[in-house]
Amino acid sequence: MQIATYISDLLYRHECVVVPGFGAFISRRVPAQHFASSHTIYPPKKGLSFNAQIQQNDGLLANYIASVANLTYDESIQEIRNYVRFLDQEMDRNGSITIHKVGRFSRNEEKALQFTPMYLVNYLPEAFGLTSHETFAIDRLPVAPVTVAEEEMVVEEVSVVELETAKTNSGSWIRYAAAGVILLGLGLGFKGYQTQVKTDALAVEQLSTDKVNSTIESASFLINEPLPTISIDVAPLTKNFHVVAGAFRDPANADKRVAQLKRKGFDAKRIGVNSYGLHNVAFSSFVDRDDATNELNKLRALGFDKAWLFTGSLPK
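A quick note: this is a predicted structure, and the numbers were derived from the prediction, not measured.

**What to know about helix α3 (residues 73-94)**
Part 1 of the argument: Under the 1.5 Å per step criterion, the end-to-end length of α3 is 32 Å for 22 residues, consistent within 8% with the ideal 32 Å.
Part 2 of the argument: Buried within α3 we find Ser76, Ile77, Ile80, Tyr83, Val84, Leu87, Glu90 and Met91. End-on, the buried residues of α3 take up no more than an arc of 145°, which puts them together on one face. Across α3 from its buried face, at more than 90 degrees, point the exposed residues Asp74, Asp92 and Arg93.
Part 3 of the argument: Close packing links the buried residues of α3 with α1 (3-11), β1 (16-19), α2 (60-68), β6 (96-99), β7 (103-107) and β8 (113-117).
Part 4 of the argument: One or two positions beyond α3, positive phi appears at Gly95, with a value near 90°.

**Things to note about the packing of aromatic side chains**
Part 1 of the argument: The tally for this structure, following the rule as stated, stands at 14 aromatic pairs.
Part 2 of the argument: Summarising the aromatic geometry, the rings of Phe266 and Phe283 are spaced 5.1 Å apart at their centres and angled 65° between planes, so their arrangement reads as edge-to-face. Here Phe266 is found in the loop between α5 (251-263) and β11 (269-273), whereas its partner Phe283 is found in strand β12 (residues 279-286), with 17 residues between them in sequence. For the residue pair Phe266 and Phe283, the accessibility class agrees, reading buried in each case.
Part 3 of the argument: Linked through ring pairs, Phe22, Phe25, Phe50, Phe105 and Phe115 together constitute an aromatic cluster.
Part 4 of the argument: The aromatic ring of Tyr73 is capped on one face by Arg249, whose charged end is 5.4 Å from the ring centroid.

**A word on the nonpolar core**
Part 1 of the argument: Ranked by internal contacts, the top residues of the largest apolar core, which has 31 residues, are Ile7, Phe25, Val102 and Phe105.
Part 2 of the argument: Aside from chain neighbours lying at most four places away, what touches Val102 is Ile7, Leu11, Phe25, Leu48, Phe115, Pro117, Met118 and Tyr123.
Part 3 of the argument: In terms of nonpolar packing, the next biggest core, distinct from the first, is built from 17 residues, Phe283, Phe286, Phe304 and Ala307 among them.

**Re α1**
Part 1 of the argument: The buried count for α1 comes to seven of nine residues, which makes it a mostly enclosed element.
Part 2 of the argument: All buried positions along α1 are accounted for by Ile3, Ala4, Tyr6, Ile7, Ser8, Leu10 and Leu11.
Part 3 of the argument: Tucked into the core, α1 has its buried residues touching β1, β2 (23-30), β5 (45-51), α2, α3 and β6.

Cut-off values and rules
Residues numbered from 1 in each chain as written. Predicted model: local features only at pLDDT ≥ 70, side-chain atom pairs only at ≥ 80, totals over all residues. Heavy atoms only, no water. Helix = DSSP H or I, 4+ residues; strand = E, 2+ residues; numbered from the N terminus. Expected span 1.5 Å × (residues − 1). Buried < 20%, exposed > 50% of the residue type's maximum accessible area, 1.4 Å probe, protein only. Arc of directions from axis to C-beta. Contact = heavy atoms within 4.5 Å. Phe/Tyr/Trp six-rings, centres within 6.5 Å; stacked < 30°, edge-to-face > 60°. Lys NZ or Arg CZ within 6 Å of the ring centre and 35° of its normal. Core = buried A, V, L, I, M, F, W, Y, C linked by side-chain atoms within 4.5 Å.

Without other data, these values stay purely geometric and don't point to any function.
So, in structure tokens, the structure goes:
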């Protein structure tokens, strides 16, 4: 029986798949990555890890095998036991064993299991069809600064005409008088220019003020009746990420587990019945995946090693 195929199928839909008597495959979301050394971009994926401490049967794999292979629950449990025995024998004989589309197992010197995941398989449904993409570096050449030529100033030379009378030597006095008249005219002209500039600026400012005031007056209006109040109903956020404490075939046992967890301070509840007829009990439920993952890590650190993350909703 192809137990490896059933494990692979479940990894696409679940965060944790337990192989009773062997261990649990745990997946976590890994964002898209860029490796500068190879200029390669990899799409998001599910990273796989293995925990040999989680071996208790949660019913997920056994019920799936029973439904797909048309077996009874006890028969599917026996098939899993045979498969675990086969894995142990192959590792003892060959030193390692590869589970198709999942990963490779071996034992170290202390006989502990070593797991290497199959990186070519992406179990994230949202990344279906996405592949790695190789980029190319762009050579950026320095650009020489543009120099701006200085503007040449043209100086116009003004010729000075000397004025002298025929009978007297008063040319110097006439030159000084002419220069004084020119300077006086320039001073008066510059002062008049400044006065004209200030007058024009005041006129423009007054014109702008009048224009703004007229626009405001034409846009002003009075609301005699207040606008009606609009009420918007905001739908509550759905908690689709659940930290599961266990799954029970008997609903009475599920209720007992809920009561035990509530006495310990958890917001526990039954979150529905899965496709295998098991009643799932959650420690708590969250809107955000990161919050649920953090809570799962805290619970495992407190000793709840069998806790796992379920995404979605179940029929009540």
